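So the chains spell out like this:
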Amino acid sequence: MIAPSILNADNMHLSRDIKAAIESGIDRFHIDIMDGYFVPNLSYGPELVKDFKRSFPLTEAEIHLMSNNLKITLPLFVEAGCDLLEFHYEATDNPSYWLKYLKDHNVRRGMAINPSTPVQKVRPFLKDLDQVLLMTVKPGFGGQKFEEKSVERLVELKNMIKAENLNLPIEVDGGIDRETLKISRDAGATIFVVGSYIFKNGSIEDQVMKLKKEDK
Ligand code: DX5
Ligand code: ZN
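Remember, predicted model here, so these are calculated numbers, not experimental data.

Let's talk about the packing of helix α5 (residues 150–163) against helix α6 (residues 178–187)
In the contact formed by α5 and α6, the axes pass within 8 Å of each other and the chain directions differ by 30°. Between α5 and α6, the crossing angle belongs to the class labelled roughly parallel. Remark: the crossing between α5 and α6 carries right-handed chirality. The residues of α6 that touch α5, namely those facing Ser 150, Val 151, Leu 154 and Val 155, are Ile 183, Ser 184 and Ala 187.

In structure tokens:
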């Protein structure tokens, strides 16, 4: 599955860019939320998510919450109507509390881990997740280069999920293009977040089609 990250879309033409991706068969978008503290950048707020769901009710909104002020930020995006929410392992001392919160609010659950966090850290939470987001760049900005060491981390995560007898999809985010999609797919990823490659390379339709060919 390809989940375009709108971070690198044209903010003055967001709905145009989103429509172009939907017409190419996309049914989930990855919306990057940055708080200026957990990561040194800012992006969108809950109003964008509300507007997104009002305009595209059949399309899934996946929130990648790059914030460690979860008490304030997380409920805002739940109330805004997101379908999935992934918070960072590194952002809270109490992941179980937030996993239960999301479950109680009928939001599908993801946990994100930074490239510097040992993969083993998410093991205790796997059984309560709908997907794991393995960051393939340090979060904060689009347009960065895929970190090669992600490949062995993906294999480790895949084996860990298997050892737990779970069937949990692994998502990758950061520097994904045709080449790194193939590499991470072969290492076990099944959901691919793609920003610049889709939105900063001419025709959105063409870019999505190229990626779909590799994602089988
Ligand atoms: C980085 C974000 C990513 C990013 C992806 O902090 O989580 O979703 O926008 O963009 P590209 O594909 O350009 O790396
Ligand atoms: Zn992201």
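Structure's up, so let's keep going.
Re the site of ligand 1
Taken together, 22 residues sit near ligand 1, with Ser 5, Pro 139, Gly 142, Gly 195 and Ser 196 positioned nearest. Of all elements in the fold, only β2 (28–34), β8 (191–194) and α7 (196–199) reach the threshold of two or more residues within the shell around ligand 1. Class assignment for the residues of the shell around ligand 1 results in 8 nonpolar, 12 polar and 2 charged.

Digging into the sheet that holds strand β7 (residues 170–173)
If you trace the 8 strands from one edge of the open sheet to the other, you get β1-β8-β7-β6-β5-β4-β3-β2, paired in parallel fashion. Whereas interior strands pair on both sides, the edge strands pair on one side only; in this sheet they are β1 (2–4) and β2. Across the sheet, the mean angle from the axis of one strand to that of its neighbour is 25°, orientation sign disregarded. Pairing geometry for strand β3 (residues 60–66) and strand β4 (residues 84–88), over 4 bridges, is parallel. Opposite Glu 62, over in β4, you have Leu 84 as the bridge partner.

Calculation notes
- Residues numbered from 1 in each chain as written.
- Chains lettered and ligands numbered in written order.
- Predicted model: local features only at pLDDT ≥ 70, side-chain atom pairs only at ≥ 80, totals over all residues.
- Axes fitted to C-alpha atoms, helices over the stretch in contact; angles between N-to-C directions.
- Helix = DSSP H or I, 4+ residues; strand = E, 2+ residues; numbered from the N terminus.
- Parallel < 35°, antiparallel > 145°, perpendicular 65-115°, else oblique.
- Left-handed = near helix turned anticlockwise from the far one by under 90°.
- Contact = placed C-beta atoms within 7 Å.
- Near = placed C-beta within 6 Å.
- Nonpolar A, V, L, I, M, F, W, Y, C, P; charged D, E, K, R; others polar.
- Pairing = 2+ DSSP bridges.

Take it as geometry only, folks, not as evidence of what the structure does.
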